[in-house]
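# Structural description and commentary
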Amino acid sequence: MSEIFDSSIVIVDAIGKACPMPLLLLKKQLKKMQAMQNILLKASDPHSEIDILRYCQLHQLDCQSQQISQNEFHFLIKI
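Residues numbered from 1 in each chain as written. Predicted model: local features only at pLDDT ≥ 70, side-chain atom pairs only at ≥ 80, totals over all residues. Heavy atoms only, no water.

## Description of the environment of lysine 27
Formally: We count a stretch as a helix when DSSP gives it H or I for four or more residues in a row; a strand needs E for two or more, and each element gets its number in order from the N terminus.
For lysine 27, the location among the structural elements is in helix H1 (residues 21-32). Along the chain, lysine 27 and tyrosine 55 lie 28 residues apart, while their C-alpha atoms are 9.4 Å from each other.

In structure tokens form, the structure reads like this:
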């Protein structure tokens with residue numbers, strides 16, 4: 001599920017979805033992206049952090065991660 005937060009940030013909500021769904025949702029959203037947009041991916045699976053950060057590194061995407069709570073992680077991917 002994704003929604004547009006403002007014109008430059010698209011929110012992808014993967015809360016409650018186990019790996020590898022957060023990564024798959026990110027890949028799907030990246031295919032739809034327009035110039036000057038960024039993605040805020042919200043995930044609850046702690047294993048998604050490794051997958052998301054590795055994927056972004058391999059594809060040279062700027063990714064900032066933040067643990068919001070024990071069960072919530074946010075990833076800001078800048079295109």
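## What to know about the pairing of strand E5 (residues 72-78)
As a reminder, the rule being used: A pair of strands counts as paired when DSSP detects no fewer than two bridges linking them.
Note: strand E3 (residues 38-43) against E5, 6 bridges, orientation antiparallel. The partner of leucine 41 across the bridge, within E5, is phenylalanine 75. Pairing between strand E4 (residues 62-69) and E5: 7 bridges, direction antiparallel. Each bridged residue has a counterpart across the sheet, and for serine 65 the counterpart in E5 is phenylalanine 75. Between the end of E4 and the start of E5, which pair antiparallel, lie 2 residues.

## Observations concerning the state of the cysteines
The criterion, for reference: Disulfide assignment relies on a single distance test, namely cysteine sulfur atoms paired within 2.5 Å.
One pass over the full model with this rule turns up 0 disulfides. The closest cysteine sulfur to the non-disulfide-bonded cysteine 19 is located on cysteine 56, 13 Å from its own sulfur. With no disulfide partner, cysteine 63 has as its closest neighbouring cysteine sulfur the one in cysteine 56, 4.0 Å distant.

## Some thoughts on the pairing of E3
Put simply, the rule is: Relative accessibility under 20% of the residue-type maximum defines a buried residue, over 50% an exposed one, and the middle range a partly exposed one, all with a 1.4 Å probe and only protein chains included. For the handedness criterion, the strands are oriented away from the viewer, and a crossover whose path from the first strand over the helix to the second runs clockwise is classed as right-handed.
Along E3, 5 of the 6 residues are buried, which leaves the element largely enclosed by surrounding structure. In terms of strand pairing, strand E2 (residues 9-14) meets E3 through 6 bridges, oriented parallel. Its bridge partner being in E3, isoleucine 9 is matched across the sheet by asparagine 38. The handedness of the E2 to E3 crossover, carried by H1, is right-handed.

## Details of the confidence of the model for the protein chain
To keep things clear, this is the line we draw: Here pLDDT means the predictor's own confidence in every residue, given as a number from 0 to 100.
Averaged over all residues, the pLDDT of the protein chain is 90; the fraction at 70 or higher stands at 91%. Across the protein chain, E3 holds the top mean pLDDT of 96, while strand E1 (residues 2-6) sits lowest at 52.

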